[in-house]
Amino acid sequence: MDNNTLLEIRNLRVQYTTERAVGNALNGLNLTIHKGESMGLVGETGAGKTTAALSILNLLPQPAGKITGGDILYNGKFITRMSKRELMDIRGNKISMIFQNPLTSLNPVFSVGEQIGMVIRKHERCSRKEADVKVQALLKMVGIPGGRLHDYPNQFSGGMRQRVGIAAGIALNPELLIADEPTTALDVTIQAQILELMKQLKTQYDTSLLMITHNLGIISELCETVSVIYAGRIIESGTVKEVFGAPAHPYTRGLLGAIPSLEGKRERLHAIPGKIASANNVPEGCAFHPRCERCRECCKKEIPQMIKISLNHEVACFCEKEAE
Ligand SMILES: Nc1ncnc2c1ncn2[C@@H]1O[C@H](COP(=O)(O)OP(=O)(O)OP(=O)(O)O)[C@@H](O)[C@H]1O
Ligand SMILES: [Mg+2]
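Read on for an overview of the structure. (Residues numbered from 1 in each chain as written. Chains lettered and ligands numbered in written order. Predicted model: local features only at pLDDT ≥ 70, side-chain atom pairs only at ≥ 80, totals over all residues. Heavy atoms only, no water.)

A short note on the sheet that holds strand S11 (residues 307–310)
Strand pairing in a sheet relies on backbone hydrogen bonds. The paired strands run either parallel or antiparallel. A sheet is described by the order of its strands in space; here eight strands give the open sequence S6-S7-S8-S3-S9-S10-S12-S11, paired in mixed fashion. Two strands in the sheet have a free side with no partner beyond their single neighbour: strand S6 (95–98) and S11. The mean inter-strand angle of the sheet, taken between neighbouring strand axes irrespective of direction, is 20°. Inspection of the sheet shows S6 paired to strand S7 (residues 176–180) by four bridges, in the parallel sense. Note on S7: the bridge partner recorded for methionine 97 is isoleucine 178. This element, helix H6 (residues 188–205), spans strand S3 (38–42), S6, S7 and strand S8 (208–212) of the sheet and lies at about 165° to S7. (Pairing = 2+ DSSP bridges. Helix = DSSP H or I, 4+ residues; strand = E, 2+ residues; numbered from the N terminus. Axes fitted to C-alpha atoms, helices over the stretch in contact; angles between N-to-C directions. Contact = heavy atoms within 4.5 Å.)

Structure (structure tokens):
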């Protein structure tokens, strides 16, 4: 680990236990984010993206979700071994999260001004009035009139609520912002505004970003690096330029092939054939092997480890050779 490392997830395993089944959502996930880096995390539904994000802040749904192995380090400290109190200090202040569903993060009994104000006042010494001014500025930044400060979450539309969630997420200028599909529910104009806002945060405050999205366009617009997740493991990562320009894993190639081309007449998505791997039944060996056209015997038995195929590009596939 070098000085420049902000977040390091090592060999993380997460299991969900419900009455019906045990699901292995993360199966040895490795991920490193450097200071000032913006990383995109992409993968099909159920791949474990939200689980990874929730694990970082110890917010896995209880009692179902449990970290069963591995570690997470933030600024060189094991956050997986921190007390609730220590973690509370990091949450919101250093690491902040914008959730996939804003309803889970907004409390219906407080006005949005009170909620965001509380976040600010918990970590910064300022009066209620000063906090109000700050909240109004934040709301304005996400395109909501500051005068709506005293409105309650149910008085906002879905898209507006999402923007309130974003305002809360950026209220304390976090070092690391984790955004889980933050713009999926928003219309294109607002989406563009939010992306612009995130770009601004990046340049102004050097905020590191983990951007979870299905939208590869957003990743190329906003991120320098990208990690591709499949069945709870990262199977390819590197600079956006290299991974999108020359994808090495058959799964990544499939994902990129699934972008509808703008010029072409093809409007239907080119789906990757086969069934998405389920956490309840992760295939042995390389989890992608049942869907892979390049599958060999070894792929069915052994899990391929990440290898470097160029300076800024790694892949976990037996068909690739390590760079000299
Ligand atoms: N509370 C839960 N109880 C049981 N299983 C869960 C729970 N939450 C997630 N899972 C399972 O864990 C796996 C990973 O889910 P997760 O929500 O992390 O995926 P995701 O990549 O965020 O998907 P999406 O793109 O749909 O948001 C899935 O198989 C899912 O069914
Ligand atoms: Mg998710």
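Points about a nonpolar patch on the surface
Where nonpolar side chains cluster on the molecular surface, the patch consists of Val109, Phe110 and Met118 and spans about 260 Å² of accessible area. Topologically, phenylalanine 110 is positioned in the loop between S6 and helix H3 (112–123). (Patch = residues over 30% accessible without salt bridge, like charges linked within 9 Å, V, L, I, M, F, W, Y side chains within 5 Å. Areas by Shrake-Rupley, 256 points an atom, 1.4 Å probe, with all protein chains shown as cover. Salt bridge = Lys/Arg side-chain N within 4 Å of Asp/Glu carboxyl O.)

Section: the packing of aromatic side chains
Counting across every chain of the model gives three aromatic pairs. Relative to phenylalanine 288, the ring of tyrosine 230 has its centre 5.2 Å away and its plane inclined at 85°; by these criteria the two rings are edge-to-face. Of this pair, tyrosine 230 sits in strand S9 (residues 225–230) while phenylalanine 288 sits in the loop between helix H9 (250–257) and helix H10 (297–301); the two residues are 58 residues apart in sequence, bridging distant segments of the chain. Across the pair, exposure class does not vary: tyrosine 230 and phenylalanine 288 are buried alike. A network of ring pairs unites the aromatic residues Tyr230, Tyr251 and Phe288 as a single cluster. If you follow arginine 81 out to its NZ or CZ, it ends over the ring of phenylalanine 78, 3.9 Å from the centre. (Phe/Tyr/Trp six-rings, centres within 6.5 Å; stacked < 30°, edge-to-face > 60°. Buried < 20%, exposed > 50% of the residue type's maximum accessible area, 1.4 Å probe, protein only. Lys NZ or Arg CZ within 6 Å of the ring centre and 35° of its normal.)

Details of the site of ligand 1
The full set close to ligand 1 counts 15 residues, and Thr45, Gly46, Lys49, Thr50 and Thr51 are the nearest of them. At a separation of 2.4 Å, an oxygen atom of ligand 1 approaches a polar side-chain atom of threonine 45. Residue glycine 48 places a main-chain N or O atom 3.0 Å away from an oxygen atom belonging to ligand 1. Protein chains shield 69% of the accessible area of ligand 1, which is 630 Å² for the free molecule. Looking at which element gives the most residues to the shell around ligand 1, the answer is helix H1 (residues 49–56), with three residues. Across the shell around ligand 1, the residue classes tally to five nonpolar, eight polar and two charged. (Near = heavy atom within 4 Å. Polar contact = N/O pair within 3.5 Å; in protein donor to acceptor, adjacent residues only side chain to side chain. Nonpolar A, V, L, I, M, F, W, Y, C, P; charged D, E, K, R; others polar.)

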